[in-house]
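So you can see what is in the structure, the chains are spelled out below.
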Amino acid sequence: QVQLVESGGGLVHAGGSLRLPCAASGITNTIDAIGWYRQAPGKERELVAEIHNFEGTKIADAVKGRFVITRDNAKNTVDLIMNTLKSEDTAVYYCHAHKGYVGDTWNNMDYWGKGTLVTVST
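Residues numbered from 1 in each chain as written. Predicted model: local features only at pLDDT ≥ 70, side-chain atom pairs only at ≥ 80, totals over all residues. Heavy atoms only, no water.

Caption draft 1: Focus on the sheet that holds strand β1 (residues 2–6). The strand order across the open sheet built from 4 strands is β1-β3-β8-β7, with neighbouring strands paired in antiparallel fashion. The outermost strands of the open sheet, each flanked by one partner alone, are β1 and β7 (67–72). Geometrically, the sheet is characterised by an average inter-axis angle of 15° between neighbouring strands, direction not taken into account. (Pairing = 2+ DSSP bridges. Helix = DSSP H or I, 4+ residues; strand = E, 2+ residues; numbered from the N terminus. Axes fitted to C-alpha atoms, helices over the stretch in contact; angles between N-to-C directions.)

Listed below in structure tokens is the structure:
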């Protein structure tokens with residue numbers, strides 16, 4: 001139903017910035033949340049930032065004040081703007097989308113991008 005295409009990963013020095021765009025395609029009008037998670041080697045996948053239709057924006061404490069997430073509903077895109085990057089931000093970043101109700105039908109589905117690697121050097 002939904003495909004997520006990520007870009008913007010790469011290598012950056014500590015203190016630098018990156019922008020991670022994610023574009024959703026398919027049946028996108030019933031998405032109720034979209035954002036970014038990340039997973040470092042040997043660690044569990046964790047929320048970075050996500051915009052929910054009815055619950056506002058969720059953002060991890062570790063990136064609060066440094067990262068900003070924006071959503072463009074018309075373009076079906078979400079951007080993660082990463083500032084003041086630290087070595088601990090190094091991870092594979094995954095775009096994520098969720099669907100709940102579609103009309104009267106409960107359609108509890110999660111969709112994931114393939115992941116894009118962000119490496120922060122010191």
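Caption draft 2: Examining the state of the cysteines more closely. Scanning the entire structure with this criterion turns up 1 disulfide. A sulfur-sulfur separation of 2.0 Å characterises the disulfide bridge that pairs C22 with C95. Between C22 and C95 the disulfide shows an S-S torsion of about -90°. By sign, it is left-handed. Of this pair, C22 sits in strand β3 (residues 18–26) while C95 is found in strand β9 (residues 91–102), placing the two residues 73 residues apart along the sequence. When its relative accessible area of 1% is taken as the criterion, C22 is described as buried. (Disulfide = S-S within 2.5 Å. Buried < 20%, exposed > 50% of the residue type's maximum accessible area, 1.4 Å probe, protein only.)

Caption draft 3: Just the pairing of strand β10 (residues 105–112), in detail. Across 6 bridges, the pairing between β9 and β10 is antiparallel. Along β10, the bridge assignment pairs K99 with M109. Joining the antiparallel neighbours β9 and β10 is a turn of 2 residues, in which G103 adopts a positive phi near 65°.

Caption draft 4: Representation of the side chain of K99. Tracing the chain through its elements places K99 in strand β9. The side chain of K99 sits in the buried core without any salt bridge; D32 is the nearest counter-charge, 9.6 Å away. A polar atom in the side chain of K99 sits 3.1 Å from the side chain of T30. Residues contacting K99, with those up to four places away along its chain left out, are Q1, V2, I27, T30, I31, D32, N107, N108, M109 and Y111. (Lys, Arg positive; Asp, Glu negative; His and termini not counted. Salt bridge = Lys/Arg side-chain N within 4 Å of Asp/Glu carboxyl O. Polar contact = N/O pair within 3.5 Å; in protein donor to acceptor, adjacent residues only side chain to side chain. Contact = heavy atoms within 4.5 Å.)

Caption draft 5: View of the pattern of salt bridges. Per the counting criterion, the structure on display carries 6 salt bridges. Across the pair D79 and R19 runs a salt bridge, and its minimum N-O distance is 2.6 Å. Highlighted residues: D79 in strand β8 (residues 77–82) and R19 in strand β3, separated in sequence by 60 residues. Among the ionic pairs, K58 bridges to E55, the shortest N-O distance being 3.6 Å.

Caption draft 6: Spatial organisation of the nonpolar core. In this structure, L4, W36, L80, M82 and Y93 are the most contacted members of the largest nonpolar core, which totals 29 residues. Looking at this core, the elements that each hand over two or more residues are β1, β3, β4 (31–39), β5 (46–52), β7, β8, β9 and β11 (116–121). (Core = buried A, V, L, I, M, F, W, Y, C linked by side-chain atoms within 4.5 Å.)

Caption draft 7: Looking closely at the pairing of strand β6 (residues 56–59). Sheet topology places β5 next to β6; 4 bridges connect them, and they run antiparallel. Looking across to β6, one finds that H52 is bridged to G56.

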